[in-house]
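# Descriptive analysis of the structure
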Amino acid sequence: MLGLGMDRLRADMNRLLALLFHQGVLDEQFLQLQQLQDESSPNFVSEVVNIYFHESEKLLKNLRALLVEREFSDYKKMGIHLNQFMGSSSSIGAKRVRNVCVAFRAASEQNNRAGCLRALELLEHEYCYLKNKLHELFQIEQQRVLAAGVRYPMHN
């Protein structure tokens, strides 16, 4: 029975990953990140992604402040934040977030405030979707690890 539960959890993880790849949310860089995880660092991917989430929250807050809370936007500073966001998104395989950053940067380079506002809204949406789905993936992974760790004594 335990094996069936683990098989179901593994299938759930594979289905969710397949969906995220099909939707273009993730790219092959995420798979490369997963390959770096092993017994010596079993939480490597979730730790790296949690650092990404922490830094991304700060970048989103800074972008919003630069764009919304000021009468005149600092497009140069916005570009610096967007370059950081693009780089970190690329490093974990967050393809759709990275693509929105590219469009956002193009709007900022043109000093297009309306385009930047639209891009910020889309960036926040894509980021939240990514964060929710990766949290879901890590929860399934955690359940799978816990199920694998459960051992029942053998009775003869």
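In the block above lies the structure referred to throughout.
Just so you know, these numbers come straight off a predicted model, no measurement behind them. (Residues numbered from 1 in each chain as written. Predicted model: local features only at pLDDT ≥ 70, side-chain atom pairs only at ≥ 80, totals over all residues. Heavy atoms only, no water.)

## A word on the packing of aromatic side chains
- Taken as a whole and assessed by the stated rule, the structure comprises 5 aromatic pairs.
- Here Tyr-52 and Phe-85 contribute two aromatic rings whose centre-to-centre distance is 6.4 Å and whose plane-to-plane angle is 55 degrees, an arrangement assigned as tilted. Here Phe-85 lies in helix H4 (residues 75-92) and Tyr-52 lies in helix H3 (residues 44-68), a separation of 33 residues in the sequence.
- Centre to centre, the rings of Phe-85 and Tyr-127 are 6.4 Å apart; their planes meet at 70 degrees, and the pair counts as edge-to-face. You can see Phe-85 sitting in helix H4 and its partner Tyr-127 sitting in helix H6 (residues 113-149), a full 42 residues away along the chain.
- Using a relative accessible area of 2% as the deciding quantity, one classes Tyr-127 as buried.
- By the ring-pair criterion, three or more aromatic residues cluster together here, those being Tyr-52, Phe-53, Phe-85 and Tyr-127. (Phe/Tyr/Trp six-rings, centres within 6.5 Å; stacked < 30°, edge-to-face > 60°. Helix = DSSP H or I, 4+ residues; strand = E, 2+ residues; numbered from the N terminus. Buried < 20%, exposed > 50% of the residue type's maximum accessible area, 1.4 Å probe, protein only.)

## Regarding the layout of surface pockets
- By volume, the largest pocket amounts to about 480 Å³.
- As for the largest pocket, its lining consists of 18 residues, of which Gln-37, Pro-42, Glu-141, Arg-144 and Val-145 are closest to the centre.
- Elements represented by at least two residues in the lining of the largest pocket include exactly helix H1 (2-22), H3 and H6.
- With 6 residues, the single largest contributor to the lining of the largest pocket is H6.
- Per-class residue counts for the lining of the largest pocket are 7 nonpolar, 6 polar and 5 charged. (1 Å grid on protein atoms, 1.4 Å probe; cavity = no way out; pocket = protein on both sides within 12 Å on 5 of 7 lines; lining within 4 Å. Points joined across faces, edges and corners; volume = space filled by probe spheres on them. Nonpolar A, V, L, I, M, F, W, Y, C, P; charged D, E, K, R; others polar.)

## Points about the packing of H4 against H6
- The geometry of H4 relative to H6 is characterised by a closest axis approach of 14 Å and an angle of 25 degrees between their N-to-C directions. As the angle between them shows, H4 and H6 are arranged roughly parallel. Handedness of the crossing formed by H4 with H6: left-handed. Taken together, the residues of H6 that come into contact with H4 (itself represented by Tyr-75, Met-78, Leu-82, Phe-85 and Ile-92) are Arg-113, Cys-116, Leu-123, Tyr-127 and Leu-130. (Axes fitted to C-alpha atoms, helices over the stretch in contact; angles between N-to-C directions. Parallel < 35°, antiparallel > 145°, perpendicular 65-115°, else oblique. Left-handed = near helix turned anticlockwise from the far one by under 90°. Contact = heavy atoms within 4.5 Å.)

## Focus on the nonpolar core
- Formed by 42 residues in total, the largest nonpolar core has its most connected members in Tyr-52, Phe-85, Phe-104, Leu-123, Leu-130 and Leu-134.
- Within the residue set of this core, elements represented by two or more residues are H1, helix H2 (28-35), H3, H4, helix H5 (95-109) and H6.
- The element contributing the most residues to this core is H6, with 11 residues.
- In contact with Leu-123, other than residues within four places in its own chain, are Leu-60, Leu-63, Leu-82, Phe-85, Val-97, Val-100, Cys-101 and Phe-104. (Core = buried A, V, L, I, M, F, W, Y, C linked by side-chain atoms within 4.5 Å.)

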